[in-house]
Structures are given as structure tokens and as C-alpha cells.
Amino acid sequence: MHQEISGLCVITDTTTQKRYTHLQLAELAMRGGASIIQLRDKHLSAKELFALAVAMRTLTMSFNRLFIVNDRADIARAADADGVHLGQTDLPIPAARKILGKGKIIGATASTLEEALAAEQQGADYIGFGHIFPTSSKEKPTPARGVAALQEVVNAVKIPVMAIGGITLENAASVLETGVQSLAVISAVSTADSPQVASAKLAALIKTYTELHKVNRKDS
Amino acid sequence: MNRTDTLPKLMVITHSTHMQMPLPKWAEEVCSAGGRLIQLREKHLDAAQLYELASTLRRITLQHGATLLINDRADVAWAVEADGVVVPELGLPIEVVRKLHAKWLIAKSVHDVAGAKAAEQSGADFLIFGHVFKTASKPNVAPRGLEALKAIAEQVKIPVFAIGGITAQTARQCLENGAFGVAVMSEVALAENVGQAVQTLLQAIADPVQLS
């Protein structure tokens, strides 16, 4: 069985910033303490994305971190990534499971409680819930969901939840108070003065809250 | 038996944005008219939409015993159990696609002799070469012509499909210049009578080719 989804997930992005390549960002993020790297680039051809995924697999392996490919289950499998992350407009979860098998991780984006429950029911290994706060990373047609909605999802599903969307070092604590296992960030790391330091701070914060929640669970 | 032993000579490619009818109905008409090789190529669609269409086309093509290939997205091909993949020029490496699915029919789009030989070397089952004639799909690129088609066909052993500006008349010329078959998009996608367009093309390439 694969490692559980937890900690900081950094989505490498080369549209919000041009200073670093996907690989450079991933390396800085992992040096800082990111547990998961997600590769997302909707502009690359399959050929380029595959080549990048292979390089990213080697790099993440050397740090012993999880590597998730966005959208393309074929590339996730061919590059031996740990899994795929599916948005609502990507392949259905069972279709991706057919390709990746049970040993790989399938994450699914949800922006409502209903979507989260449906994704869990269809066999997702984790829920990427958001966006929590307004974000400039992508064109978002829907309003920000807020921490209360996240709390509902965390309470309702049994699989790990990863919060995403507009999370910064300043608001991360409010998100982590919900008991969410993981935070995914794009700009908070990619556009930080030091992506490594930003990752380190976020990873440390997640760790603090994760341990706090563990203690609380034991007490209750 | 080779994967290409029963390969049909006419490949019909989807072009849903230009069709007069919904894609499933169109595919039904193509198959009913005798089309036995369909390529789903809808680059503007996201994977969820593509998967939906591919599932529907899989059902229709199976009913008619037709072959279904998916452009670029090997994951969609896998998920709907298509017969194979058409790898675009900037698609996944052929070896990688083959490793994903050993039994797949894998076609590679090529534009020159070097690309054709490389694709054959890496294990492509057949090639799609073009565009041979002037086509509305690529208005700003000069057609490569029959001579180039002939040169490619002579350099590789695997079947070559000619693409780009294919009509009943030009299809014939392609076969006379070494093509195994032809691939059409606009000619069938835009046709007012889809079935008739398919039949006309099939007839044009059915007669034995006179070698001069």
C-alpha cells in the first residue's frame, strides 16, 4: 500500500512565475520539506510532459517524496509516478483506476461536499478540496469555499483531505485547525522570495497541527 | 498474425466542431456506410468530455466490428478499451505507448522521411503522412505532395496512410503513389450526406490499383 497523503503538496507552476523551471521549484520545495510534488502543465505536449515527468520521478525519488501527475493517467503510469490528480473535467476516477491499479494514488478535486463524497465513493485516495480562499493561480468560475466548508468535508469523508486555493503562510493556521491532513500550494511557494524557506515554514506549520490533532484524537 | 493484417484502408477522423450532427449519430452513419476505422481526435475537449465520447464511440464501433483509435490520450484509449492510439508528432514516445499496452494498434503522425523511419524503428504499426494536398485544416502550411508520399512509402515497410485534402479522386492518386490507405477529416465530417461520402471514398480505393 502506498504512503498516506499528508504534509505539504507543492504544485510546480511555471505560469505564475518564470524564475524557476518545474524541476528547480520541486527541488527547492522538497529541500524545504514538501512531502508531495504535483506536476501540472496544461500547455506542454505529451512528449514534453512525459520527459519532464520522468525527470521529476528521479528527483522526487532521491528525496523519497511522493510524485503526482495532474490529469494524465497514461503519463503517470508510464513515468511510474505515485499517482494522478484528477480535476472535475479530467478522467472519471474509475477510468484512472483501471489504468493505475490499486497500488497508485488517485486524488480528486472537489469544490462541494457532494463532490467530495462522490469522489470518495468512486474510490479516490484523497480529496483536493477548494479553493479555500480567493486565488489568482487559475481562472476560478466559482466563489472561494472558505474554511467552514472545508471543515464539513474533513468531518464527512474518511480519506485524507488536501486543502487548496489561496493558502498562504498567514492563513494556513486557520485551514489547519480543521484537521485537514495536507495543504496544497502554488503561488505561496512559487512566487515566494525563497521557495525553499516558504516550503519549510508551511511544512513546519502542518507538522505542528498534525501532531496537535493526533494528541486531541487520543484524548477524545 | 500481424496487428495490421486486417487494417482497413479508409480512416475517418472526427471533427465534432464542424459536424452537422452529434458525434455519435455521425459515427453511426460512418460505420453503417462501411467505415471500419475511426480516429477520435478532439483536441479542444477536456479528458472528461473525451472519455464520454470515446465510450460512446467504442460501443458503436464494436457493434459494427470497426476499429477505434484515440488521438494522443493513451489513458482515454485504455479506459474505454479502444483498439489503439494515434500518436501525434509531439505525442508520447512510441515505445512508451507500446509498453502501456502491448496489443495496441499504434499509429504515428509523421511529416518527413526521417520521422517516418524513426517511427517505424520505434515500433509504430503504421504511419499517417501529410498533409499531402491543400487542406482547410492547415491553410498556412504548404502541402507536401504526392512525391513526398511516394518517397516515404518507399522508405518504410509499414503501411502509410495519406492525409490532408483527401477526396475520392485524390485518394486514388495516393494509393497509386504508395499509400496503403487514406485518412479523411473534412471530406466526411463536413459532408451533407455522411454515408454517401464514406461509400464514395471506399469505392475509390476499393478497385485494384493499376500500376503504371
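Scroll up a little and you will see the structure.
What you are looking at is a predicted structure, and each value in this text was computed from that prediction instead of being measured. (Residues numbered from 1 in each chain as written. Chains lettered and ligands numbered in written order. Predicted model: local features only at pLDDT ≥ 70, side-chain atom pairs only at ≥ 80, totals over all residues.)

Asks: Residue-level account of the interface of chain A and chain B, with values.
Replies: Listed as interface residues are 17 residues of chain A and, on the opposing side, 16 residues of chain B. Among the elements of the structure, α2 (46-62), α3 (73-78) and α4 (93-100) of chain A are those that each provide at least two residues to the side of chain A that touches chain B. It is α3(A) that contributes the most residues to the side of chain A that touches chain B, four residues altogether. Its residues placed into classes, the side of chain A that touches chain B shows eight nonpolar, two polar and seven charged. (Contact = placed C-beta atoms within 7 Å. Helix = DSSP H or I, 4+ residues; strand = E, 2+ residues; numbered from the N terminus. Nonpolar A, V, L, I, M, F, W, Y, C, P; charged D, E, K, R; others polar.)

Asks: Requested: an account of the nonpolar core, with residues and values cited.
Replies: Core analysis: the biggest nonpolar cluster contains 151 residues, and A:Ile127, A:Ala163, A:Leu183, B:Leu127, B:Phe161, B:Ala162 and B:Val182 have the highest contact counts within it. No other element matches the seven residues that helix α2 (residues 47-63) of chain B contributes to this core. Residues within four places of A:Ile127 in sequence aside, it is in contact with A:Ala108, A:Ala110, A:Ala116, A:Ala119, A:Glu120, A:Val153, A:Val157, A:Ile159, A:Val161 and A:Met162. (Core = buried A, V, L, I, M, F, W, Y, C linked by C-beta atoms within 7 Å. Buried ≥ 20, exposed ≤ 12 C-beta atoms within 10 Å, placed from the backbone.)

Asks: Tell me about the environment of B:Asp75, residues and numbers included.
Replies: Position of B:Asp75 among the secondary structure elements: in helix α3 (residues 74-80). Here the alpha-carbon distance between B:Asp75 and B:Thr14, two residues 61 residues apart in the chain, equals 18 Å. Beyond its immediate sequence surroundings of up to four residues, B:Asp75 is in contact with A:Arg72, A:Ala73, A:Asp74, A:Leu91 and A:Ile99.

Asks: Tell me about the sheet that holds strand β3 (residues 67-71) of chain B, and please be specific about residues and values.
Replies: Residue and element names in this part refer to chain B. Strand order in the closed barrel formed by eight strands is β1-β2-β3-β4-β5-β6-β7-β8, and the pairing between neighbours is parallel. The sheet shows a mean angle of 25° between the axes of neighbouring strands, taken without regard to direction. Here strand β6 (residues 126-130) pairs with strand β7 (residues 160-163) via four bridges, running parallel. Paired with Gly130 across the bridge in β7 is Ile163. Strand contacts of helix α5 (residues 113-121): β5 (105-110) and β6, with the helix running at about 165° to β5, the strand carrying the most contacts. (Pairing = 2+ DSSP bridges. Axes fitted to C-alpha atoms, helices over the stretch in contact; angles between N-to-C directions.)

Asks: A description of the sheet that holds strand β4 (residues 83-86) of chain A should follow, citing residues and the corresponding values.
Replies: Residue and element names in this part refer to chain A. Spatial strand order, β1-β2-β3-β4-β5-β6-β7-β8: eight strands in a closed barrel with parallel pairing. Neighbour-to-neighbour, the strand axes of the sheet open up by a mean angle of 25°, direction not taken into account. In terms of strand pairing, strand β2 (residues 36-39) meets strand β3 (residues 66-70) through four bridges, oriented parallel. Note that in β3 the partner of Gln38 across the bridge is Ile68.

Asks: Now, about the pairing of strand β8 (residues 181-184) of chain B: what can you tell me, with residues and values included?
Replies: Residue and element names in this part refer to chain B. What you see with β8 is no split at all: Gly181 and Ala183 on one side and Val182 and Val184 on the other are buried throughout. Both strand β1 (residues 10-13) and β8 contribute to a ladder of three bridges, which runs parallel. Bridge pairing in β8 links Met11 to Ala183. Pairing of β7 with β8 involves three bridges; the strand directions are parallel. Bridge pairing links Phe161 to Gly181 in β8. As a crossover connection, the stretch from β7 through helix α7 (residues 168-176) into β8 is right-handed. (Right-handed = clockwise from strand over helix to strand, strands pointing away.)

Asks: Account for the pairing of β5(B), with residues named and values stated.
Replies: Residues and elements named next belong to chain B. Here β5 lies mainly inside the structure; six of its six residues are buried. Burial along β5 is two-sided: Leu105, Ala107 and Ser109 and Ile106, Lys108 and Val110, pointing in opposite directions, are all buried. After leaving strand β4 (residues 84-87), the chain enters helix α4 (residues 94-100) and then returns to the sheet as β5, a path that is right-handed. Pairing analysis gives four bridges linking β5 to β6, with the strands arranged parallel. In the sheet register, Val110 faces β6, and the bridge partner there is Phe129. Note on the crossover from β5 through α5 to β6: the handedness is right-handed.

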